[in-house]
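Observations on the model geometry
As a plain string of letters, each chain reads:
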Amino acid sequence: MQAAAVAGAMCCVAASPLRRKAGFRQGLAQCAKHRGDIPGASRRRPVIGSKDKATSLVIAHLAGVSQPTVSRALRGSPMVNEVTRSKILKIARELNYKVDKNASNLRCQHSGTLALLMFEDPAPDDSLINPFFVSMLASITRACGQRGYDLLISLQQPANNDWQSGFEDSNKADGIILLGYGDYLDYRRRLEFLNARGTHFVRWGAVMPDEAEVTVGCDNYRGGFEVTRHLLERGARRVAFLGDASNHYPEFLERHRGYGDALAAQGLRADARLQFDAISSEQSGYNAAINLLARKLRFDAVCAASDLIAIGAMKALADHGLQVPDDVLVSGFDDIPLAAFVNPSLTTVQQDTRAAGEILVETLLKLINKEPVDNQVIPVTLLVRGSTGRDQARSTADTMRRAS
């Protein structure tokens, strides 16, 4: 029992400035007084000089808890109840205690960094980044900073088969956020590899049934349905769809499914001859619209699977002497910044990039901390602008209330 008391006192001295100031024997005595080991000794707070550095051991002693409990409270672990956490945080503030992030990360085998892997996409400039993801990037960066994490950003080529190495495997990052993917069927094999390795990751994309990974995405089906219904309300009856509506691009496929159901709800049938594949780029949208025009079938509206496709289609229509919206109504999907500044401004489906970034980061941190997580589908908003004949925004919720 005596050995245990001496060992406890030595631990206190090792982390205290008392050993330097009063010598080893005096340090033992003072630590014993602070621990209450000497009968009648008062339990008082040790004096921390201006040049001394408070430690978690001192905070543990003053709070009457163990040092691991202090560490858990300071990093926000749910294992510490709120009363104890508040007490520890109050003492830490009074002592001006600062967490040694590097030492804490080393002990916990955490880097304090998240990795964001963005995949190259066709873009109107040399960035090779889809403009939609630029807005989400700001939100993800902000969410990481608010939670005390650094963000490591890497632009990946879709053909690179080793894009996950050098991040969580090498302890450079505690987890990975994936944005973009190109052909989903190729991407699927890589996701299965990450799952097999137990990598902490979350991806942005279509929420698919019976998949092991955690996905955050927008309500692609609802967006496709609402924007098509809007085109029909504006008088369209022959609505073309531009976008690759296949398993290679499941987000486009869900938007096409909503498009088809909106037509069916009005007693109309989707004409397969009015659907042309396109990836998310202006050039691809332009080419798809040219092919649509070459077929010489009547159409009065274009429902594009992305804003970039829609902007390319508008250029093709203009080159053939057709005016938007007088001759053809056009809608997009995403609400990239450019959508509001083309002429006419583009009616589109807005994805909430701010909420998306927050949810991606929060979900990944829960995965890292072994907390339960679920896929999440974020609601969308229909923004009505000049390309369908009306410069006024209207939310999906308003549309749904009016229809019901």
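Heads up: the structure comes first, above all this text.
This write-up is about the structure you can find in this document. Quantities reported herein were computed from a predicted structural model and do not represent experimental measurements. (Residues numbered from 1 in each chain as written. Predicted model: local features only at pLDDT ≥ 70, side-chain atom pairs only at ≥ 80, totals over all residues. Heavy atoms only, no water.)

With that settled, the discussion passes to the overall build of the chain. When you go through the chain residue by residue, the secondary structure sums to 14 helices and 12 strands. By the burial criterion, 47% of the 404 residues in the chain qualify as buried. Put simply, of all contacts in the chain between residues at least 6 apart along the chain, 68% involve residues at least 24 apart. When the accessible surface of the chain is summed, it comes to about 20000 Å², and 51% of that surface belongs to carbon and sulfur atoms. (Helix = DSSP H or I, 4+ residues; strand = E, 2+ residues; numbered from the N terminus. Buried < 20%, exposed > 50% of the residue type's maximum accessible area, 1.4 Å probe, protein only. Contact = heavy atoms within 4.5 Å. Areas by Shrake-Rupley, 256 points an atom, 1.4 Å probe, with all protein chains shown as cover.)

Right, let's talk about the pairing of strand 3 (residues 175-179) for a bit. Regular strands have side chains that alternate between both faces of the sheet. By the criterion of burial, strand 3 is predominantly enclosed, with five of the five residues buried. Neither face of strand 3 is open: one carries Gly175, Ile177 and Leu179, the other Ile176 and Leu178, and all of them are buried. Note that strand 1 (residues 113-119) and strand 3 share five bridges and pair parallel. Bridge pairing in strand 3 places Ala115 opposite Ile176. Bridge count between strand 3 and strand 4 (residues 201-204): three bridges; the pairing is parallel. Following the sheet pairing, Leu178 is matched in strand 4 by Arg203. Taken together, strand 3, helix 8 (residues 184-197) and strand 4 constitute a β-α-β crossover, and its handedness is right-handed. (Pairing = 2+ DSSP bridges. Right-handed = clockwise from strand over helix to strand, strands pointing away.)

So, about the sheet that holds strand 8 (residues 301-304). Across a sheet, strands are paired by hydrogen bonds formed along the backbone, either parallel or antiparallel in direction. If you walk across this open sheet you meet the four strands as 7-6-8-9, and the pairing is parallel. Of all the strands in the sheet, just strand 7 (275-276) and strand 9 (329-331) have a single pairing partner and so form its edges. Here three bridges tie strand 8 to strand 9, and the two strands are oriented parallel to one another. Residue pairing in the sheet places Ala301 in a bridge with Leu329 of strand 9. Contacts from helix 10 (residues 250-265) reach strand 6 (239-242), strand 7 and strand 8 within the one sheet, and its direction differs from that of strand 6 by about 170°. Most of the contacts of helix 11 (residues 282-294) go to strand 6, to which it runs at about 140°, and overall it touches strand 6, strand 7 and strand 8. (Axes fitted to C-alpha atoms, helices over the stretch in contact; angles between N-to-C directions.)

The next point concerns the pattern of salt bridges. One pass over the structure, following the stated rule, counts 17 salt bridges. As a salt-bridge pair, Arg188 and Glu213 come within 2.6 Å of each other at their nearest N and O atoms. Placement of Arg188 in helix 8 and of Glu213 in the loop between strand 4 and strand 5 (214-218) is noted, with a sequence separation of 25 residues between them. When sorted by exposure, Arg188 lands in the same class as Glu213, which is buried. For Arg273, the salt bridge is made with Asp271, and the minimal N-O distance between the two is 3.0 Å. The exposure class of Arg273 is partly exposed, given its relative accessible area of 45%. Overlapping salt bridges bring together Arg188, Glu192, Arg203, Glu211 and Glu213 as one network. (Salt bridge = Lys/Arg side-chain N within 4 Å of Asp/Glu carboxyl O.)

In this fold, Thr353 is placed in helix 13 (residues 353-368). Setting aside chain neighbours within four positions, we find Thr353 in contact with Phe132, Ser135, Met136 and Ser139.

The next point concerns the sheet that holds strand 3. Read across the sheet, six strands follow the order 2-1-3-4-5-11 without closing on themselves; strand pairing throughout is parallel. Each end of this open sheet is capped by a strand with a single partner; those strands are strand 2 (150-156) and strand 11 (376-378). Each strand of the sheet is rotated relative to its neighbour by a mean of 20°, with strand direction disregarded.

Packing of helix 4 (residues 67-74) against helix 5 (residues 82-94) brings their axes to within 9 Å, and their N-to-C directions diverge by 90°. Compared by their axis directions, helix 4 and helix 5 come out roughly perpendicular. Of the residues in helix 5, those in contact with Thr69, Val70, Ala73 and Leu74 of helix 4 are Thr84, Arg85, Ile88, Leu89 and Ala92. (Parallel < 35°, antiparallel > 145°, perpendicular 65-115°, else oblique.)

Here a ring pair, both rings aromatic, is described through the centre-centre distance and the interplanar angle of the planes. Going through the model one piece at a time under the given rule, you end up with five aromatic pairs. Ring centres of Tyr221 and Phe225 lie 6.3 Å apart, and the angle between their planes is 35°; on these two criteria the pair is classed as tilted. Residue Tyr221 and its partner Phe225 are both found in helix 9 (residues 220-233); the two are separated by four residues, about one turn of the helix. Judged by its relative accessible area of 12%, Phe225 is buried. Arranged with centres 6.0 Å apart and planes meeting at 25°, the rings of Tyr249 and Phe252 form a pair that is stacked. A relative accessible area of 8% places Phe252 in the buried class. One cation-aromatic arrangement involves Arg222 over Phe225; the distance from NZ or CZ to the ring centre is 5.2 Å. Against the face of Phe333 rests Arg255, its NZ or CZ located 3.7 Å from the ring centre. (Phe/Tyr/Trp six-rings, centres within 6.5 Å; stacked < 30°, edge-to-face > 60°. Lys NZ or Arg CZ within 6 Å of the ring centre and 35° of its normal.)

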